Amino acid sequence: MITVHLPEPLREGRGDVMRMNAASLDDIIVRLDLAGDRDELFNFAVNGELILHGEKNVTLKNGDEVEIVVAFAGG
Amino acid sequence: MSIHARVDALLGRLASEPQFPTQGQTIFVDLEHQEVRRAYIPLRVVESLLGGRGVNMFLLHNLLDETLEPIHPHVPLIFGTGILTSMVPSASRGNVTSWSPESRVLLDSNAGDYFPSFMKLNGIDHLVLYGKAAKWTLLHFEGNEPKFIDAAPWVGLDNLDLRARIAEDFKGVEGKDYGLAAITTAGENLVLCSGIMAGPKAIYARGGPGAKMGGLHLKAVLIQGRAADLTTARPHKLRNRDVALKLLSTSVVKNALKIRGTPFLYKPSRMLGAMGTKNNQETTWTDKLDAENIDPYRPGMEGCFACPVNCRPLNDMSGVGESDFGGRESEKETGEGFAPTPDPRLPTPAQDKYIKGDGPEYVTLGKFGPNIGITEVTQVLRLNNICNDLGLDTASAGSAIAWAMELYQRGIITQEQTKLDLTWGNYDVIEKLLFMIAKREGIGDAIADSSQAVANGKYPAEALDYLMAVKGLTQSDPHDARILKAFALGLAVATRGMDHLRNRVTLEINAKINDSPDFKAELYGGPVSAEPNSYEGKEIAVRRCENIYAVGDSVGMCRFTTKLFNSPSLPGYPEFVDQVENVTGISLTAEQIDGIGLNVMGVERLINERIGVTRADDTLPKRWFEEAIGVGPYKGEKIDRAEFDKMLSRFYEISNLTEEGVPKPEWREELEGVLAS
């Protein structure tokens, strides 16, 4: 079971923490229907480590904590 | 040649009639002799540099006497509006340009709110100010007719009181009846990290424009009314609707900018181990300052002239705000309600004019949080509100305080000199320091000199080893760029110094884009490595960003809503060329307008060359070459000098620059031809 922490813009009534079975970050994208909005704005952190590239190579195991982080900047 | 002779010579080459339907005047104001002259920028210059920042550079290049000191009143201060300012959604910006007394290189700073739009709507495209007024002056435009008013009633006022007094004295409402650009007591006292306030928070911040304006004895420029007829060459409002829809449908706008504003990068930066902390000695900090922790203190959002985004968060720590917006709604969803815990260290609302205000932006959160050792949201908000009132650039002021704190930590300056305990996170002292900086009192006088404190004899020479600055300008962005090499290159080559708003490849933090090599290559015009810490191809991304941001500044578009700064989907060249044609009748291709962005950088490098800037100045702080990141997934990362130097050479080559970083001879000849137009 994977714990997924959602940022406020993605909660949409789902609460800030969800638990789900997932083997990869792609699984989470599909289950949360994030394919559209996340393109521009959201990154993943797995067990506190921010993923800046190579998302496809990240595999998840039982007990992992995934956080979706708003990756956006201002001035 | 004197400034008067330079202005005479330039006026002789400018046009006497508008060159396109919406063109406003360029007004030359000699504050010393209270003389006003007018002209129009020639079409060839507009076609090469557009307006705003680009044409400001044309004016500065023609009027600059580099044998003077930057603060000298015969070095002009130039306000400019973008060629689309006030006419396209989110195009509400303008630039102020000069020779910086803070960095001693090019000064060029951008602001929004309402002042630039009031310039444009009153037929003023550029305002060239020079000469020291005999007494403090308020320049009052009704339409485009200026009056020189004795500013004695407003001298000594800071931003909050000044704006209230102006509203009362001129019987109007800012943003509705007038636009105002003004300096505070910090500007009057020639504080080098002071800006020109264009609103309650909006500030022409970087490079010390407040001091520069103070050096002219100019307290404020007030533009009242809407006198100009801005009839466009062709209908443009239908295309405006497309621009607005594109803005509002972009994920970054609807999910972030419009809801919370800009402080989001704090979290990924600290998780990455790239959050500038304690003058970049460390690179991560508390999660207590994550953007969502500001939610309870945000009663609503504000925005600039005719912008549908409204990205400016307000703050209110009194717990008695009226709005039911933003973070409070999210708190409601979780059933927790809005109940921020009062900070017992702070005054009660009745005593405290800093209990509410505008902001903070991400820069302020970083500079007045981790960079000086502050961990409490309420303390950052209050320092933000004080800086807005005192007219201090939070990037420069925060950096200068952090520098002083590291010097204190290392014993390079001592309590005997400072009379204050400059320990990291010492909130009471930091708050006191802000007022001392504005008044140039005690150690505040040294901090007020910003990066020039060593040159001005306030700190010993060894202090320079710990100054986080490039070309004399301290870093704007709190992100520590030892990991992301595109960020690092951008900070090194930015023409105004160490500033992210000139060229930052923000999308380097986006994994989805990094993992899409074809899309990334299309976005930047060439292959760019997917790996954040690689040097490979990063010059291509910086070049593309620098071009489009320079174009954005020249049309007046906000950086946050310009393609590439935060999203690949925001308005960019297709929208810019269409609206430039609709508004002005000037037809450009996307390739041509990209070339204009390059031209702006080229002229800026010609100006910097005259001031003495060389390749050696396109570098980074010593710390980033010599000390490695100590935490996070990129622990051990720093900047490799040899790799950096090769990346810099590649950047010069694709930018049509020589190995010394100035335009190659053939291009230089073209640019000088435009500048002599």
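Residues numbered from 1 in each chain as written. Chains lettered and ligands numbered in written order. Predicted model: local features only at pLDDT ≥ 70, side-chain atom pairs only at ≥ 80, totals over all residues.

Draft legend 1. Region of the structure containing the overall build of chain A. The secondary structure content of chain A amounts to two helices and five strands. N-terminal to C-terminal, the α/β element order of chain A is β-β-α-α-β-β-β. Across the 75 residues of chain A, 37% fall into the buried class. A fraction of 51% describes how many contacts in chain A between residues 6 or more apart in sequence connect residues 24 or more apart. (Helix = DSSP H or I, 4+ residues; strand = E, 2+ residues; numbered from the N terminus. Buried ≥ 20, exposed ≤ 12 C-beta atoms within 10 Å, placed from the backbone. Contact = placed C-beta atoms within 7 Å.)

Draft legend 2. Expanded view of the overall build of chain B. A tally of helices and strands in chain B yields 26 helices and 17 strands. By the compact-globule yardstick of 26 Å for 677 residues, chain B fits well, its C-alpha radius of gyration being 23 Å. Each principal axis of the C-alpha distribution contributes one length, and for chain B these read about 60 × 60 × 55 Å. Taking all 677 residues of chain B together, the buried fraction comes to 61%. A separation threshold of at least 6 residues defines the contact pool for chain B, and within that pool the share at least 24 residues apart is 71%. (Rg over C-alpha atoms; globule rule 2.2 N^0.38 Å.)

Draft legend 3. View of the sheet that holds strand 1 (residues 25–30) of chain B. All names here are of chain B. Overall, mixed pairing links the six strands, which are arranged 2-1-6-3-4-5 in an open sheet. One side of each edge strand has no neighbouring strand; the edge strands of this open sheet are strand 2 (35–39) and strand 5 (106–111). With strand direction ignored, the average angle separating the axes of adjacent strands in the sheet is 15°. The pairing of strand 3 (residues 77–81) with strand 4 (residues 94–99) spans four bridges and is classified as antiparallel. Within strand 4, the residue paired with Gly80 across the bridge is Asn95. (Pairing = 2+ DSSP bridges. Axes fitted to C-alpha atoms, helices over the stretch in contact; angles between N-to-C directions.)

Draft legend 4. Main features of the nonpolar core. Residues and elements named next belong to chain B. If you look at the biggest cluster of nonpolar residues, it comprises 230 residues, and the most contacted ones within it are Val128, Ile196, Ile401, Ala404 and Ile437. Of the residues forming this core, the biggest block, ten residues, is contributed by helix 14 (residues 394–409). Setting aside anything within four residues of it in sequence, one finds Ile196 in contact with Val96, Ala181, Ala182, Ile183, Ile203, Tyr204, Pro209, Gly210 and Met213. (Core = buried A, V, L, I, M, F, W, Y, C linked by C-beta atoms within 7 Å.)

Draft legend 5. Region of the structure containing the packing of helix 18 (residues 485–493) of chain B against helix 21 (residues 538–555) of chain B. Residues and elements named next belong to chain B. The contact between helix 18 and helix 21 brings their axes to 9 Å, and the two run at 55°. It follows that helix 18 is oblique to helix 21 by the angle criterion. The hand of the helix 18/helix 21 crossing is right-handed. Where helix 18 approaches helix 21, its residues Lys485, Ala486, Leu489, Gly490 and Val493 are matched on the opposing element by Lys538, Glu539, Ala541 and Val542. Class assignment for the residues of the contact of helix 18 with helix 21 results in five nonpolar, one polar and three charged. (Parallel < 35°, antiparallel > 145°, perpendicular 65-115°, else oblique. Left-handed = near helix turned anticlockwise from the far one by under 90°. Nonpolar A, V, L, I, M, F, W, Y, C, P; charged D, E, K, R; others polar.)

Draft legend 6. Spatial organisation of the confidence of the model for chain A. Summary statistics for chain A give a mean pLDDT of 87 and a share of 89% for residues scoring 70 or more. At the level of individual helices and strands, chain A shows its lowest average pLDDT in helix 2 (residues 38–41) of chain A, which scores 62, and its highest in strand 1 (residues 2–5) of chain A, which scores 96. (pLDDT = per-residue confidence, 0-100.)

Draft legend 7. Structural detail: the domain arrangement of chain B. Residues and elements named next belong to chain B. Looking at chain B, the domain boundaries give domain 1 (3–224), domain 2 (262–471) and domain 3 (481–569 + 589–675). Across the contact, 32 residues belong to domain 1 and 30 residues belong to domain 2. For the side of domain 1 that touches domain 2, the secondary-structure elements that each account for two or more residues are helix 5 (159–169) and helix 6 (185–188). No other element matches the three residues that helix 6 contributes to the side of domain 1 that touches domain 2. A class-by-class count of the residues in the side of domain 1 that touches domain 2 yields 13 nonpolar, 14 polar and five charged. (Domains from an automatic or database assignment.)

Draft legend 8. Highlighting the pairing of strand 6 (residues 124–130) of chain B. All names here are of chain B. In terms of residue burial, strand 6 counts as a mostly covered element, since seven of its seven residues are buried. Relative to strand 6, strand 1 is paired through six bridges, and the arrangement is parallel. When the sheet's bridge partners are listed, Thr26 is paired in strand 6 with His126.

Draft legend 9. Region of interest: the interface of chain B and chain A. Chain B puts 37 residues into the contact, and the matching count from chain A is 26 residues. If you list the elements that add at least two residues to the side of chain B that touches chain A, you get helix 9 (251–257), helix 10 (266–272), helix 12 (362–367) and helix 19 (511–514) of chain B.

Draft legend 10. Inspection of helix 21 of chain B at higher detail. Residues and elements named next belong to chain B. Compared with an ideal rise of 1.5 Å per residue, which puts 18 residues at 26 Å, helix 21 spans 26 Å between its outermost C-alpha atoms and is within 8% of the ideal. Burial within helix 21 is extensive, with 18 of its 18 residues counted as buried. Positive phi appears at Gly556, one or two residues downstream of helix 21, with a value of about 95°. (Expected span 1.5 Å × (residues − 1).)

Draft legend 11. Molecular detail of unusual backbone geometry. Residues and elements named next belong to chain B. A cis amide bond links Gly359 with the next residue in sequence, Pro360, at an omega value of 10°. Mapped onto the elements of the fold, Pro360 is located in the loop between strand 15 (356–358) and helix 12. The backbone of Lys278 sits at a positive phi, close to 50°, despite the residue not being glycine. Summarising the element assignment, Lys278 is placed in the loop between helix 10 and strand 13 (301–302).

Draft legend 12. The arrangement of the packing of helix 22 (residues 573–584) of chain B against helix 23 (residues 590–611) of chain B in detail. All names here are of chain B. Two elements in contact, helix 22 and helix 23, have axes whose closest approach is 9 Å; the angle formed by their N-to-C orientations is 95°. By the angle between their axes, helix 22 is roughly perpendicular relative to helix 23. In this structure, helix 22 uses Tyr573, Pro574, Phe576 and Val577 to contact helix 23, whose residues at the interface are Ala590, Ile593 and Asp594. Across the contact of helix 22 with helix 23, the residue classes tally to six nonpolar, no polar and one charged.

Draft legend 13. The arrangement of the sheet that holds strand 2 (residues 17–20) of chain A in detail. Residues and elements named next belong to chain A. Spatial strand order, 2-1-5-3-4: five strands in an open sheet with mixed pairing. The open sheet has two free edges, formed respectively by strand 2 and strand 4 (49–51), since each of these has just one partner strand. Averaged over all pairs of adjacent strands, the angle between their axes in this sheet comes to 30°, without regard to strand direction.

Draft legend 14. The environment of Val580 of chain B, seen in detail. Residues and elements named next belong to chain B. Along the chain, Val580 falls in helix 22. Separated by 25 residues in sequence, Val580 and Val555 have C-alpha atoms that sit 8.0 Å apart. In contact with Val580, not counting residues within four places along its chain, are Ile83, Leu84, Val555, Ile586 and Leu588.

Draft legend 15. Summary view of the environment of Thr474 of chain B. Residues and elements named next belong to chain B. Structurally, Thr474 is set in strand 17 (residues 473–474). Under the C-beta neighbour-count criterion, Thr474 is labelled buried, with 29 such atoms within 10 Å. The spacing of Thr474 and Ala111 is 363 residues in sequence and 19 Å in space, taken between C-alpha atoms.

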